[in-house]
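Residue-level listing of the chains:
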Amino acid sequence: MHVPDGFLDAPTSIATGAVAFVAVGVALRGARRELDDKTAPLAGLVAAFVFATQMINFPVGAGTSGHLMGGALAAVLVGPWTGVLCVSVVLIVQSLLFADGGITALGTNILLIAVATVVVGWFVTRVLLKVLPKRVGMVAPAAAVGAFVSVPAAALVFTGLYAVGGTADISLTTLATAMLGWHTVIGLGEAAITFLAVGAILSVRPDLVYAARGVISERDLVIKTKEAVA
Amino acid sequence: MPAHLKVLALVGFMLVVVATPREWFAAYAFFLAVLVTVGAVARVRPGWVLKRMVVEVPFVVFAVLMPFIAQGPRVDVLGLSLSESGLLSAWGLLAKGTLGVIAGLMLAATTTPQELVRGLERLRMPEQLVQIMAFMVRYLEVVTDEMRRMAVARASRGFVARNPLHWPVLARSVGALFIRSFERGERVHLAMVSRGYTGRMPR
């Protein structure tokens, strides 16, 4: 669901472009703190992963299917900065090489899909993990709630942008209710898939889940000698 | 034509299109003519473009709904009461969106991913971002191939995803794909470090 060209007027598009530029710049600095000189290869591979994941169709029934947006998932898996960066790069590539999302709407798309979903998803997950008991089993539910909230939140940001630079006169309340209602449903799907995927990764490689870093208990290396085994 | 000039041309062209008032119908015919000329000169096959225009479909639906939900004076068209301004907005959305998709596809059709990355580098996109993009583009095929192999493996065991009950299986594939991609990233990084990588790409 990328915003195409001409959905928002030119001044708004340029303004969101500027904001997105700054946001990506900040994310670049943050990601270097998260990943150091691993940034380029790892963020690149995670971006390729996000892109590929968006191609997996999840059947909803009656012949329709949806796909993951992956903002909150990326935030939970690789951290907020790298997450913003990866999803932004995905959006740039989609816009330039697949014409998915208008080039003038690129800033808007980065702001909505990369920044809004990742930041909201991360924030909600983080707060929940602070409140909930510190157990690995809590990470996937927290991520699911984060993913659920992140989708309508992005829809709300879109409604806000539309109020400023929309090109059609639909009453704002109509748009807001339609966007929120629809995206709450999408958010449910996003939450379910994020929950299942994070759970699957936690059971195999919990150390790879960024959000779980605080809750994985540090285990000391135990060397079992013959006597200890016997 | 160098890729960075194409990107600049695309951005400039689309800004003009987006800024053009939607009442100037003639201007849109002109824009379309420009794109058709570009396509003809670059020998882009119309079928290739049409097939990839499906990305626009969700917004076509939105545009079609526009005349029904917008406010303002209404006109009767074929017995339906439609909003005048809604019709105009729908036209504006469709025209600008479609021109955007066609223009974007012109760039995509005539530029390889590698050229594009180099073009963006010349446009002074931050070096780190260019590197990330280069890696993504380079490994996109590898990762999607991995995903396709998983799909084949699922299918060969008789799995067909029909309803949300099958989501856990797909989500586990997503998880496996993440682990494989991440580990590949680590391996690539180590391979680069062992060849003297310090955080910048050699030119």
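This text goes with the structure placed above it.
Described in the following lines is the structure provided in the data block.

What counts as what
Residues numbered from 1 in each chain as written. Chains lettered and ligands numbered in written order. Predicted model: local features only at pLDDT ≥ 70, side-chain atom pairs only at ≥ 80, totals over all residues. Heavy atoms only, no water. Axes fitted to C-alpha atoms, helices over the stretch in contact; angles between N-to-C directions. Helix = DSSP H or I, 4+ residues; strand = E, 2+ residues; numbered from the N terminus. Parallel < 35°, antiparallel > 145°, perpendicular 65-115°, else oblique. Left-handed = near helix turned anticlockwise from the far one by under 90°. Contact = heavy atoms within 4.5 Å. Patch = residues over 30% accessible without salt bridge, like charges linked within 9 Å, V, L, I, M, F, W, Y side chains within 5 Å. Areas by Shrake-Rupley, 256 points an atom, 1.4 Å probe, with all protein chains shown as cover. Salt bridge = Lys/Arg side-chain N within 4 Å of Asp/Glu carboxyl O. Buried < 20%, exposed > 50% of the residue type's maximum accessible area, 1.4 Å probe, protein only. Nonpolar A, V, L, I, M, F, W, Y, C, P; charged D, E, K, R; others polar. Core = buried A, V, L, I, M, F, W, Y, C linked by side-chain atoms within 4.5 Å. Domains from an automatic or database assignment. Expected span 1.5 Å × (residues − 1). Polar contact = N/O pair within 3.5 Å; in protein donor to acceptor, adjacent residues only side chain to side chain.

Residues and elements named next belong to chain A. Relative orientation of the contacting elements helix 3 (residues 71-78) and helix 5 (residues 106-131) amounts to 55 degrees, with a least axis distance of 7 Å. Between helix 3 and helix 5, the angle is such that the two are oblique. Like other packed secondary-structure pairs, helix 3 and helix 5 cross with a definite hand, here right-handed. Two secondary-structure elements touch here, helix 3 through Gly71, Ala72, Ala75 and Val76 and helix 5 through Thr117, Val118, Gly121, Trp122 and Thr125.

This part covers a nonpolar patch on the surface. Residue and element names in this part refer to chain A. Together, Phe21, Val22, Val26 and Trp81 give the surface a local cluster of nonpolar side chains, amounting to about 400 Å² of exposed area. For the nonpolar patch, the leading source of residues is helix 1 (residues 10-35), giving three residues. With respect to the helices and strands, the residue Val22 is situated in helix 1. The class for Val22 is exposed, based on a relative accessible area of 51%.

Moving on, we get to the packing of helix 1 of chain A against helix 5 of chain A. Residue and element names in this part refer to chain A. Following both chains from N to C, one finds helix 1 and helix 5 inclined at 50 degrees, their axes separated by 7 Å at the closest point. Classified by the interaxial angle, the pair formed by helix 1 and helix 5 is oblique. Seen along the crossing, helix 1 lies across helix 5 with a hand that is left-handed. Listed contacts from helix 5 to Ser13, Thr16, Gly17, Val19, Ala20, Ala23 and Val24 of helix 1 are Gly107, Thr108, Ile110, Leu111 and Val115. For the contact of helix 1 with helix 5, the residue count by class is seven nonpolar, five polar and no charged.

Ile110 and Val139 of chain A together with Met133, Met136 and Phe178 of chain B are the most contacted members of the largest nonpolar core, which has 128 residues in total. A domain-level breakdown of this core finds at least three residues from each of domain 1 (3-113) and domain 2 (126-194) of chain B. The contacts of Met136 of chain B, once residues within four sequence positions are left out, are Gly44, Ala47, Ala48, Phe51, Val89, Val90 and Val93 of chain A.

Once that is clear, we can look at the pattern of salt bridges. Residues and elements named next belong to chain B. Here the structure, examined in full by the defined rule, presents five salt bridges over all chains. Among the salt bridges present, the one from Glu146 reaches Arg180, with a minimum N-O distance of 3.8 Å. Placement of the pair is Glu146 in helix 7 (residues 127-156) and Arg180 in helix 8 (residues 167-194), with a sequence separation of 34 residues. On the basis of relative accessible area, Glu146 is assigned to the buried category, the value being 7%. Glu146 is paired through a salt bridge with Arg184; the nearest N and O atoms lie 3.3 Å apart. Placement of the pair is Glu146 in helix 7 and Arg184 in helix 8, with a sequence separation of 38 residues.

This next bit is on helix 1 of chain A. The end-to-end C-alpha distance of helix 1 of chain A is 36 Å, a good match for the 38 Å that 26 residues give at a rise of 1.5 Å each. Downstream of helix 1 of chain A by a residue or two, Asp36 of chain A has a phi angle that is positive, lying close to 60 degrees.

So, on to the interface of chain A and chain B. One frequently used descriptor of interface size is the decrease in accessible area upon assembly of the parts. Contact with chain A, which involves 69 residues of that partner, is made by 70 residues of chain B. Inspection of the chain A/chain B interface yields one salt bridge. Linking Arg205 of chain A and Glu183 of chain B is a salt bridge whose minimum nitrogen-to-oxygen distance equals 2.2 Å. Where chain A meets chain B, there are one residue pair in polar contact (both at pLDDT 80 or more). Taken together, the elements giving at least two residues each to the side of chain A that touches chain B come down to helix 1, helix 2 (39-53), strand 1 (58-61), helix 3, helix 4 (80-98) and helix 7 (172-204) of chain A. Ranked by residue count, the leading element in the side of chain A that touches chain B is helix 2 of chain A, at 14 residues. Of the residues in the side of chain A that touches chain B, the class split is 50 nonpolar, eleven polar and eight charged.

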